[in-house]
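Chains, contacts and geometry: an overview
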Amino acid sequence: MLSSLLVSWRNVTRHKKRFFFTLMAVVLGVAVMTSMLIAKYTFSNLMDEQERLYAGEADFWVQSNAGFFPENELMWLEESEEMEEGVGLLFQKGFLEMETEFPQQASVRFTGVTDFQTNLIDLPVKDGDVTKEGLIITENAAKLLEKKVGDLLSFQHMGKLEITAIVHEGAMLTSPKTMDAAMIRDVQVMVPMEILQEWTGMENQISNFRFKLQPDSNKDKLFESYQSELSGSDLFVQPIVVDSKQNNDVEGIYYVFDLIAILAIFISAFIAFNMIHTSIVERKKEIAIMKSLGYTSGNVIRLVSKEIGFLAFMGTIFGLSIGVWLGILIQDILIGAISSQKVVYDVVIIKPLIISAIIGFLFPFLAAIFPLRRAGKTPILAGMFEKNTATSRTRLNIVRIIAGMVCTGIGLIDNIWAFLFLFIGLVLLFPLWMRLMQIIISPILTALFGFSGKQAVHSLKQSERRNASTAAMLAIGVSLALFMSAALQSLPDGKEEEIRATFGGDIQVEKETPWTDSDLAAVKNIEGVSAISPFTEVPHITWHTKSGDLREFSIMSFTASERAEAFEVIEEVEENVEYPSIYVGERALIEWGGDVGDILTLNTPAGEQQFYVKGSVQTSHYSNYVAFMDENSIKDELNWPHDYHVMIDVVDENAIYNVLLTLWNSMGETITSAIPITVTIEQSTSALTGMDDLMQGLLLLIIAISAIGISNTLFMNTMERVKEIGTMRAIGFTKRQVQFMIMAEGLFIGIAGVVVGVLYGILVIYLNSISVSAQGLLSFIIPWVSLLIAVAGGIIFTILASWLPSNSASRISIKEAINYE
Amino acid sequence: MINVVDLKKEYKTGKEVVPILKGVDLTIEEGEFVCIIGPSGSGKTTLLHLLGGLDTPTTGTISLDGSELTSKTEKQRTIIRRREIGFVFQNYQLLPTLTVYENIIFPLHADGKKASPKDVQMLLEAVDLVGYEKRFPHELSGGQQQRVAIARALIHKPNLLLADEPTGNLDRQRSSDILDLLAKFHYERKQTIVMVTHDMFAAGYADRIILFKDGVIEAEVKREDDDYAKFLARFMA
Amino acid sequence: MSVKHSLLALLYEKPRHGYELKTGFEELVQGMWPLNAGQVYTTLDRLERDLLVESPGHDKKDRKLYTITQAGKEELWAWLEKPVGRSLFKDEFYFKFLCASHVTYENRQSMIRNQKETMLKDILHLTHLRKQMVLSDNKTMKMLIEGALLHLEADIKWLDMIAD
């Protein structure tokens, strides 16, 4: 019986090398996509997980605008019947007993907990027992202080406590890894509530109360009733929200991951297209015979589809396996670059695998749509009886060039999607670039390979379109590689500029208790301080996105006369008298889904309130996931009478060090954090720098996939020219000359791809540097190192890719070639 | 069985219109063995392609068993072809990735039918290729390949066998074998055969010979006509 | 030609009488070589004289039977074994062509054309005969026709050559 799968298998593997290389391309494409998706999902899962751990299983929490409140004020709540579980937390500052000249290195933040058995606090245990009342520290702190479970830790002016558990770094507790990091971050520990209250003299006081309701209770309604119960008091209730956007701006990384995944798949698809297309052109006659024997177009398409199915199936299976491995590797590098601590995370595999499997299986079919249609439409008579099916030398296709020019024109418009057109234009215009490149490359090849080189330039014209597209893929890879590294190099500078513009001062200090006039006067008198400005920041404001998800951010105050120091306005509309106005950071606005001029409903310490979105802004605070309100109205509108924050201006940046030291020495017990602008800059740029190597590696991978395309194209070129090459050999070409000729063809494609890629890369960098929508984050720099890597990588990969086809071409038997039909 | 009325076919090459068939009328009876001869470029192969529905005429009609072939869609013609018509070509036109066996059963497979092993065995015996089932076309000689092609053309028991220069690529001995085979099927199965050739040796096998010249039927003669040989000799000479 | 040897071959098969030999011969050549009874008997007489055949007597219908003798068998073997050379002028048309050139025959072209026409006729006739031999599975005869067709093919090629 005619087993069509077997026949399809024979058809696909007829040209083994070509099939192998195409399969490789599909495998690599799927692998890169899978790894990117795994990295993206794992990363995003990690971010959410951290927040979830912090939130625990609690539904709501009650806080006070005064920072602390007596626990018994919530008796009515704790005793209500819908309450399932609740826990009170108290945050306090203290210092370790240790030898150091910098008090901030010994700074400890205590979290007092009323109940160690609660489910509402989730700690990733490393050692010991977290349900036992005692001192819980993190892994980093244990290493830094050289302590283990059972050891005693003593705190200045407070007392000693036995360590009962060590936990991994997490959202609830985290500590610096090194003494340098300890300069700006606290060691965070957890202690029993009574002990902390006693040590700090905060009897009965708590910072917040988290609770969980009975599963069957109506949470929305209860929330409203709590809000009205607490209205008019210092206390307010908020739902507990898992929202990591305030602390991390990772969409940029996701965007890069998506870009690389799409690029990898795109190049693989192109290589698959090349193979399928060529295979169908070659088999025109066979297809015509099948049709003459009664195959309909549908039959033909089904037959060829089965062959593509093999490619897709095998490519996906291998690609997924390699992709998982690669994804885990990339994830490790990424976390290492971004997070300063060791973080435990779960790799998310299932969803990326399913998505990759679907895309991996489908894209070869998408790439095959046009060849398949062509196969179906193969004319019987022409296919069977026309002797010469080889493509004739074509002149430049005018329509294609015009379309290319138009696309390039659109590509120059300042819009993120316009770049896509620039690259479509690149592909369309490539035959033209090839012709131009010929003028430059021909003499080089002739010089390198002599007559073989000259011959190669002629041969390249035979399948000009395929060669041009192959080079175009390489060019796209190279230009994106350049753009990425230019971006990674200039983004930190752009970020720094932005932070300097909108940080609002030099040191941002947050205190546990409201600033008093005497506090402010003391700070003002520190040597090196030129000005201080207390400001208001209301944390944990919750709201719903247009699609109904709960989100959380902070609202900061700004001074109308100096608002440029806090943010840069992107869009602004006229005042609305009915509602108080706020300016919303662009990321928050996008997340919300509304527009400037809309009304935004927020849950604030003053209860549920409506605000008029007067403008969208760009700021360095909270990665632009924040809102601003005029300092004159923020306290009244939000029921937030106290200022916990102050911005210090210093005479010059060298004074920061001394000011900080004095600050910690004089009022260290009450300072929650004191972050100088220099640290903020360093933190937000170090992650980008850390990713540089990873990106370089990934883009080299993209160039490698393009190189596989060159191999494949050369294999196809030589296969079509067996007779011609045989004749050349017969009339005196040596094996070596044939080999050189094919190498020279590959090199031409490679050089054309690299050169055009570099030029386009520089063009893209330039367009981005003058782009308004990129908000000036990118400046025009040429990343010389990457340029060198891309050029060298492109040429080396090309030589490697050309070697195999050239070798097999040189082995073409003269006799067989001449008899070749 | 076949009725051709005022069939015309033109090809466009650039701006020029080249008429290939200039009005052909022809009737072929069930069980006839008809040979079409004529110089190359006379349109005989084009006529055969039109009869097999591989191409469509510019004007005129072809009826096959009373149903008009020329008004059918491409797909309908394909279905008629795989059920009613068998094709043998000069270049054998075997499918290189299929074995002898798979090549033979291809028309049935295309029609979604299964081959009866007995039928295949009988055909293999008839074309003397028993034992070659698993070979691939490139492992066979030209004559063997053409015998596979004949078996393939007959596996679905077509009403009409169309042969386009079936002996054109073969030497005298092998072409005689092929013609013998066709004669045998014609005699034993009353197979209707229309064969295009310019080979006198092949033409002698037919019941009726149609002479083509410049896109029209110049003359035709039946075996039983007295001046059969003389007539032909005149044109061939 | 060797009617003599064909009769020996028929008698080698089995004893036959004169009429039987006539029909046997005609069957052998598929009726394409009519042989009259007189020729059969003259040949038989000569064979008997040369002691190649002998008569064991008459059958029930009083017809004279013939059998092959040992000498007859030897003669048959010798004949079968002896290769046949090809004389250039055995073909009559060759000879005609030769003579035509001597008499500056003006209709030489039409002579060639007529010859070709005749040969084409022969081809059609022989291919048709061949088809019948195939259908009746007469392999020896098929081979003979095959040979004749090959000769004719070559002859026509030659005629085309000299016609120019």
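This text goes with the structure placed above it.
Everything quoted here is computed from the prediction, not taken from an experiment.

1. With respect to the overall build of chain A
Looking only at helices and strands, chain A features 26 helices and 23 strands. Referenced to the eigenvectors of the C-alpha coordinate spread, the extents of chain A come out at roughly 100 × 60 × 60 Å. When burial is assessed residue by residue, chain A has 56% of its 821 residues classed as buried. In chain A, 81% of the contacts between residues at least 6 apart in sequence involve partners at least 24 apart. Entry remark: accessible area of chain A is about 34600 Å², with carbon and sulfur atoms responsible for 58%. Across chain A, the mean location of the 59 positive side-chain charges is 27 Å away from that of the 91 negative side-chain charges.

2. Side note on the overall build of chain B
Helix and strand counts for chain B stand at 8 helices and 10 strands. The C-alpha radius of gyration computed for chain B amounts to 18 Å, which stays within 12% of the reference 18 Å derived for 237 residues, consistent with globular compactness. Seen through its C-alpha atoms, chain B measures out along the principal axes to roughly 45 × 40 × 35 Å. Put simply, of all contacts in chain B between residues at least 6 apart along the chain, 69% involve residues at least 24 apart. Accessible surface for chain B amounts to roughly 9600 Å². Of this, 46% is attributable to carbon and sulfur atoms. Of the side-chain charges in chain B, 31 are positive and 34 negative, and the distance between the mean point of each set is 5 Å.

3. Focus: a nonpolar patch on the surface
All names here are of chain A. On the surface, Ile398, Ile402, Val406, Ile410, Ile413, Trp417, Leu420, Phe421 and Ile424 cluster together into a nonpolar patch covering about 890 Å² of accessible area. Mapped onto the nonpolar patch, the elements with two or more residues apiece are helix 14 (398–411) and helix 15 (418–449). Here the element with the most residues in the nonpolar patch is helix 14; it accounts for 4 residues. Relative to the elements of secondary structure, leucine 420 occurs in helix 15.

4. Overview of the interface of chain C and chain B
On the side of chain B, 24 residues touch chain C, which itself brings 17 residues to the contact. Around 1900 Å² of area is buried between chain C and chain B when both sides are counted, 70% of it from carbon and sulfur atoms. The three residues of chain C that bury the most area against chain B are Leu124, Lys131 and Leu135 of chain C, which together make up 32% of that side's buried surface. At the junction of chain C with chain B, the criterion picks out 4 salt bridges. Close ionic contact of lysine 142 of chain C with aspartate 180 of chain B constitutes a salt bridge, the shortest N to O distance being 3.7 Å. For the pair chain C and chain B, the number of links is 5 residue pairs in polar contact (both at pLDDT 80 or more). Where the side of chain C that touches chain B is concerned, the elements lending two or more residues are helix 6 (108–135) and helix 7 (139–163) of chain C.

5. A few points about the packing of aromatic side chains
Taken as a whole and assessed by the stated rule, the structure comprises 33 aromatic pairs over all chains. Between phenylalanine 361 of chain A and phenylalanine 365 of chain A the ring centres are 5.6 Å apart and the planes differ by 50 degrees, which places this aromatic pair in the tilted class. Residue phenylalanine 361 of chain A and its partner phenylalanine 365 of chain A are located together in helix 11 (residues 350–367), separated by 4 residues, close to a single helical turn. Among the aromatic side chains, those forming a connected cluster through ring pairs are Phe60, Trp76, Phe209, Phe211, Phe223 and Tyr226 of chain A. The side chain of lysine 511 of chain A reaches across the aromatic face of tryptophan 515 of chain A, ending 5.4 Å from its centre. Over the face of the ring belonging to tyrosine 187 of chain B we find lysine 190 of chain B, whose NZ or CZ atom lies 5.4 Å from the ring centre.

6. Focus: the interface of chain A and chain B
Taken together, the contact between chain A and chain B spans 24 residues of the former and 27 residues of the latter. In total, about 2400 Å² of surface goes out of reach between chain A and chain B, with carbon and sulfur atoms giving 67% of it. For the pair chain A and chain B, the interface holds 1 salt bridge. Here arginine 10 of chain A and glutamate 102 of chain B are joined by a salt bridge, their closest N and O atoms 2.8 Å apart. Per-element tally for the side of chain A that touches chain B: the top contributor is helix 9 (residues 284–292) of chain A, with 6 residues. Considering only residue class, the side of chain A that touches chain B consists of 12 nonpolar, 6 polar and 6 charged.

7. Some words on helix 12 (residues 369–376) of chain A
Considered for burial, the residues of helix 12 of chain A that qualify are Pro371, Leu372, Ala375 and Gly376 of chain A. Looking down the long axis of helix 12 of chain A, one finds its buried residues gathered within 140 degrees of arc, a one-sided arrangement.

8. Considering unusual backbone geometry
Phi at histidine 540 of chain A is positive, roughly 55 degrees, even though this residue is not glycine. Position of histidine 540 of chain A relative to the elements: it lies in strand 15 (residues 537–544).

9. Describing the sheet that holds strand 6 (residues 85–88) of chain B
Residue and element names in this part refer to chain B. With mixed pairing, the 6 strands of this open sheet are ordered in space as 6-7-8-3-9-10. Each of the sheet's edge strands pairs with one partner strand only, and the pair in question is strand 6 and strand 10 (216–222). The average angle at which neighbouring strand axes cross in this sheet is 15 degrees, direction not considered. Of the strand pairs in this sheet, strand 9 (residues 208–213) and strand 10 are connected by 6 bridges, and their pairing is antiparallel. Bridge pairing links arginine 208 to lysine 222 in strand 10. Where helix 5 (residues 142–154) meets the sheet, its contacts fall on strand 6 and strand 7 (160–164), and the angle it forms with strand 6 comes to roughly 170 degrees.

10. Structural notes on empty space enclosed by the protein
Residues and elements named next belong to chain A. The tally for this structure, following the rule as stated, stands at 8 cavities of 30 Å³ or more. What the largest cavity holds in volume is close to 160 Å³. Lining the largest cavity are 14 residues, with Asn11, Met275, Ser279, Arg283 and Glu307 sitting closest to its centre. Among the residues forming the lining of the largest cavity, the class breakdown is 6 nonpolar, 3 polar and 5 charged. For the second largest cavity, the calculated volume is near 80 Å³. Forming the boundary of the second largest cavity are Met434, Arg435, Gln438, Val457, Leu460, Lys461, Glu464, Asn467 and Phe748. The leading source of residues in the lining of the second largest cavity is helix 15, at 3 residues.

11. Notes on the pattern of salt bridges
Note that side chains of opposite charge can pair when their charged atoms are close. Across all of its chains, the model carries 40 salt bridges over all chains by this definition. Shared partners join several salt bridges into a network, and the residues in it are Arg82, Arg83, Asp111 and Lys113 of chain B.

12. Side note on helix 7 (residues 219–230) of chain A
Because each turn of an α-helix spans 3.6 residues, side chains separated by three or four positions in sequence point in the same direction. Taking 1.5 Å as the rise per residue, helix 7 of chain A with 12 residues should run 16 Å; its terminal C-alpha atoms sit 16 Å apart, in good agreement. Its side-chain oxygen at 3.4 Å from the backbone nitrogen of aspartate 220 of chain A, asparagine 218 of chain A defines the N-terminal cap of helix 7 of chain A.

13. Points about the sheet that holds strand 2 (residues 53–58) of chain C
All names here are of chain C. Across the sheet, 3 strands lie side by side as 1-3-2; this open sheet has antiparallel pairing. Every other strand in the sheet has two partners, leaving strand 1 (16–17) and strand 2 as the edge strands with one partner each. Relative to strand 3 (residues 64–68), strand 2 is paired through 4 bridges, and the arrangement is antiparallel. Counted as the bridge partner of valine 53 is isoleucine 68 from strand 3. Running over the sheet, helix 1 (residues 3–13) touches strand 1, strand 2 and strand 3 and is turned about 95 degrees from strand 3.

Criteria and cut-off values
- Residues numbered from 1 in each chain as written.
- Chains lettered and ligands numbered in written order.
- Predicted model: local features only at pLDDT ≥ 70, side-chain atom pairs only at ≥ 80, totals over all residues.
- Heavy atoms only, no water.
- Helix = DSSP H or I, 4+ residues; strand = E, 2+ residues; numbered from the N terminus.
- Buried < 20%, exposed > 50% of the residue type's maximum accessible area, 1.4 Å probe, protein only.
- Contact = heavy atoms within 4.5 Å.
- Areas by Shrake-Rupley, 256 points an atom, 1.4 Å probe, with all protein chains shown as cover.
- Lys, Arg positive; Asp, Glu negative; His and termini not counted.
- Charge placed at Lys NZ, Arg CZ, Asp CG, Glu CD.
- Rg over C-alpha atoms; globule rule 2.2 N^0.38 Å.
- Patch = residues over 30% accessible without salt bridge, like charges linked within 9 Å, V, L, I, M, F, W, Y side chains within 5 Å.
- Salt bridge = Lys/Arg side-chain N within 4 Å of Asp/Glu carboxyl O.
- Buried area = accessible area lost by both parts, 1.4 Å probe.
- Polar contact = N/O pair within 3.5 Å; in protein donor to acceptor, adjacent residues only side chain to side chain.
- Phe/Tyr/Trp six-rings, centres within 6.5 Å; stacked < 30°, edge-to-face > 60°.
- Lys NZ or Arg CZ within 6 Å of the ring centre and 35° of its normal.
- Nonpolar A, V, L, I, M, F, W, Y, C, P; charged D, E, K, R; others polar.
- Arc of directions from axis to C-beta.
- Pairing = 2+ DSSP bridges.
- Axes fitted to C-alpha atoms, helices over the stretch in contact; angles between N-to-C directions.
- 1 Å grid on protein atoms, 1.4 Å probe; cavity = no way out; pocket = protein on both sides within 12 Å on 5 of 7 lines; lining within 4 Å.
- Points joined across faces, edges and corners; volume = space filled by probe spheres on them.
- Expected span 1.5 Å × (residues − 1).

Read these as spatial facts, not as claims about activity.
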